[in-house]
Amino acid sequence: MSSEARTITYSPSFTVVPTHECFNRCGYCNFRAEAGSDWLTPEAARQLLEPLRRTGVCEILVLSGEVHPRDRRRGDWFSMIESLCAVALELGFLPHTNCGILSFAEMRALQQVNCSMGLMLEIESDRLLESVHRHAPSKIPALRVEQLAWAGELGIPFTTGLLLGIGETWAEREATLQTIARLQERYGHIQEVILQPHRPGGAQHWSGEALGEAELLETVRLARSILPAEITLQIPPNLVVDLLPFLEAGVRDLGGIGPVDVVNPDYAHPLVARLRGNLQEAGWKLKERLPVYPHLYGRVPTALRQTLRTHLQSFLDSPILRKKK
Ligand SMILES: O=c1nc2n(C[C@H](O)[C@H](O)[C@H](O)CO)c3cc(O)ccc3cc-2c(=O)[nH]1
Ligand SMILES: C[C@H]1O[C@@H](n2cnc3c(N)ncnc32)[C@H](O)[C@@H]1O
Ligand code: MET
Ligand code: SF4
């Protein structure tokens, strides 16, 4: 393999949670809280983000619980997320938002203040609406497929993925991957697919077990055989013991790495320096990337382009990327 092929990327990121409040109750969720839990104000967001300037963080990952589209507080919830992204941008960061199901107008509005966005397809199976997704209307597969198509129509660089080990069959995994491949063929906006193994935490209702690594590895191989080559496969490094077999099977990205994984708070992210060292010993080079992949830079709103260029320049200037003399 050429040295170029032995590169694996990650995004230096920091996660901000507008609210843990969510009207869905996914059986596997360790993140959600009941209505009435705190919402983040733009002032609090500014205080949180200000100290992160010039620390190497590029991406602000906005991950949120959801307020029902027909709830009278939906407008306020949406405005909170929009202003949070605006604050992040103003401070020189690049937002990537995954706040669940959006109306077409909401998605278009968030596009203006995000360099990419995301929504996990999870598993395209109506059967799961009787188990883990029984109380989660946002997880109706047809709704989520429509969201991915809307993002495509709007030309938003997009991250999606599968949540694995939630009671799905191999046929359902395959069908989910095929749907993503079909959407990509039509719109070309999907930059990466996360293969997210279910990991149990203290707060979830459902008592399912963790997905085994051998099965995850098999799924990576399946994904690589179904998805077009321009879609990067991502595995969260804090949810597997040994990354190397996954890299051999075609994983080329580790996603956002920051102080905490708010979705799986019991699983600490590895330290980047340590990860870099371990990967280097195995012949892999760990490299920073922005929340948008290079072939989609052209789809980033013009108002965000200067910030994009600034971060790219700082990558080029950083000592670890400087060429050996
Ligand atoms: O640290 C995490 N980052 C998560 N991310 C962050 C992701 O790794 C990066 O934001 C993207 O690679 C963009 O840079 C998600 C992004 C999405 O669009 C959709 C789902 C996730 C899920 C997680 C997650 O569980 N934990
Ligand atoms: C943000 C994304 O996090 C994933 N997610 C939610 N709960 C868990 C869990 N216990 N283990 C792994 N991933 C999870 C879902 O796929 C969601 O879409
Ligand atoms: C912890 S999940 C955060 C994103 C959103 N609520 C979803 O499930 O798609
Ligand atoms: S996974 Fe997302 S949609 Fe489901 S309960 Fe948790 S926060 Fe809500």
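Residues numbered from 1 in each chain as written. Chains lettered and ligands numbered in written order. Predicted model: local features only at pLDDT ≥ 70, side-chain atom pairs only at ≥ 80, totals over all residues. Heavy atoms only, no water.

On to the packing of helix 3 (residues 104–111) against helix 4 (residues 141–154), then. Direction vectors running N to C along helix 3 and helix 4 enclose 50°, while the axes themselves pass 10 Å from each other. In terms of axis orientation, helix 3 runs oblique to helix 4. Considering only the axes of helix 3 and helix 4, their crossing is right-handed. On the side of helix 3, the interface is formed by F104, M107, R108 and Q111, while helix 4 contributes Q147, W150, A151, E153 and L154. Looking at the contact of helix 3 with helix 4 residue by residue, the class counts come to five nonpolar, two polar and two charged. (Axes fitted to C-alpha atoms, helices over the stretch in contact; angles between N-to-C directions. Helix = DSSP H or I, 4+ residues; strand = E, 2+ residues; numbered from the N terminus. Parallel < 35°, antiparallel > 145°, perpendicular 65-115°, else oblique. Left-handed = near helix turned anticlockwise from the far one by under 90°. Contact = heavy atoms within 4.5 Å. Nonpolar A, V, L, I, M, F, W, Y, C, P; charged D, E, K, R; others polar.)

Turning to the nonpolar core, a few remarks are in order. A general trend in soluble globular proteins is that nonpolar side chains are found buried together. Counting 90 residues, the largest nonpolar core has L49, I60, V193, L195, L227, I235 and L254 as the members making the most contacts within it. It is helix 2 (residues 74–90) that provides the largest number of residues to this core, a total of nine residues. With residues up to four places along the chain from it excluded, the contact list for I235 reads L195, L216, V220, V240, L243, F246, V251, D253 and L254. (Core = buried A, V, L, I, M, F, W, Y, C linked by side-chain atoms within 4.5 Å. Buried < 20%, exposed > 50% of the residue type's maximum accessible area, 1.4 Å probe, protein only.)

Below, the discussion takes up the site of ligand 3. Taken together, F31, L63, S64, E66, N98, G100, L119, K139, R144 and V263 form the complete shell of residues around ligand 3. Between ligand 3 and the protein, one listed contact pairs a nitrogen atom with a side-chain N or O atom of E66 at 2.8 Å. Contact distances for ligand 3 include 2.9 Å between an oxygen atom and a side-chain N or O atom of R144. For ligand 3, the accessible surface in isolation is 290 Å², of which the surrounding protein chains cover 87%. Tallied by class, residues from the shell around ligand 3 come to four nonpolar, three polar and three charged. (Near = heavy atom within 4 Å. Polar contact = N/O pair within 3.5 Å; in protein donor to acceptor, adjacent residues only side chain to side chain. Areas by Shrake-Rupley, 256 points an atom, 1.4 Å probe, with all protein chains shown as cover.)

Our next topic: the UniProt feature "domain: Radical SAM core" (unreviewed entry) in the protein chain. In the UniProt entry, the feature "domain: Radical SAM core" (unreviewed entry) is given for residues 8–238. The span residues 8–238 shows a helical share of 34% and a strand share of 17%, and its end C-alpha atoms are spaced 15 Å apart. (UniProt positions renumbered as here; feature names shortened; annotations may be inferred.)

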